[in-house]
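# Tertiary structure, described
Below are the chains, spelled out letter by letter.
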Amino acid sequence: MQISPSLRTAIEAAPIAHVVTLGRDGTPQASLAWIGFEGDEVVIGTLFDQPKLRNLRRDPRILISFETGSLNAMGLDAYFVLHGRARITDGGAPEVLQRHAYRYIGPDVVYPNFPNPPAGWVIRMAIERVTDHGPTASEA
């Protein structure tokens, strides 16, 4: 899917994202995450095994939502919802988290902020559909 400039800009602004995966029994499981792009994939670094990883190994469907920090014409918070499928790659989480930390925390931060972090995993989401509620709806 081609990624709109407004979506790229919104993600580069470092929103806290809501990540939704499906549990074994089909119930939604939500967590918060830092997100960024590598090419056209949304990436999330995870140092430790977590429910979202276990869920995605079983069922790759994923939904990510976040507010843009702006208001739409009706004065409501504008947001994006990304629908897609994820794949998990082993290792690389500290590097992804460091790149995200520059945007989320600041340019001089070192993250993870402890010695020898585990290699972790990277969630790579291929976006299949985008919905939004805001001034960018026609170009999402």
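Up top is the structure.
A brief report on the enclosed structure follows. (Residues numbered from 1 in each chain as written. Predicted model: local features only at pLDDT ≥ 70, side-chain atom pairs only at ≥ 80, totals over all residues. Heavy atoms only, no water.)

Moving on to the pattern of salt bridges. This model, assessed by the stated rule, comprises nine salt bridges. For Arg99, the salt bridge goes to Glu38, with nearest N and O atoms at 2.3 Å. Placement of Arg99 in helix α3 (residues 93-104) and of Glu38 in strand β3 (residues 36-38) is noted, with a sequence separation of 61 residues between them. Residue classification places Glu38 among the partly exposed positions, given a relative accessible area of 27%. One salt bridge in this structure joins Glu128 and Arg85, with 3.5 Å as the shortest N-O distance. Taken together, the positions of Glu128 in strand β7 (residues 121-133) and Arg85 in strand β6 (residues 77-90) put the pair 43 residues apart, joining distant regions of the chain. When its relative accessible area of 48% is taken as the criterion, Glu128 is described as partly exposed. One network of salt bridges, with partners in common, ties together Glu38, Arg99 and Arg124. (Salt bridge = Lys/Arg side-chain N within 4 Å of Asp/Glu carboxyl O. Helix = DSSP H or I, 4+ residues; strand = E, 2+ residues; numbered from the N terminus. Buried < 20%, exposed > 50% of the residue type's maximum accessible area, 1.4 Å probe, protein only.)

A separate point is helix α2 (residues 51-58). Every buried residue belonging to α2 is among Lys52, Leu53, Asn55 and Leu56, and all of these are buried. The buried residues of α2 all sit within an arc of 165° when viewed along its axis, so they share a single face. On its buried side, α2 packs onto β1 (17-22), β2 (28-33), β4 (41-46), β5 (61-71), β6 and β7. (Arc of directions from axis to C-beta. Contact = heavy atoms within 4.5 Å.)

As for its placement among the helices and strands, Thr21 is situated in strand β1. Judged by relative accessible area, which is 1%, Thr21 ranks as buried.

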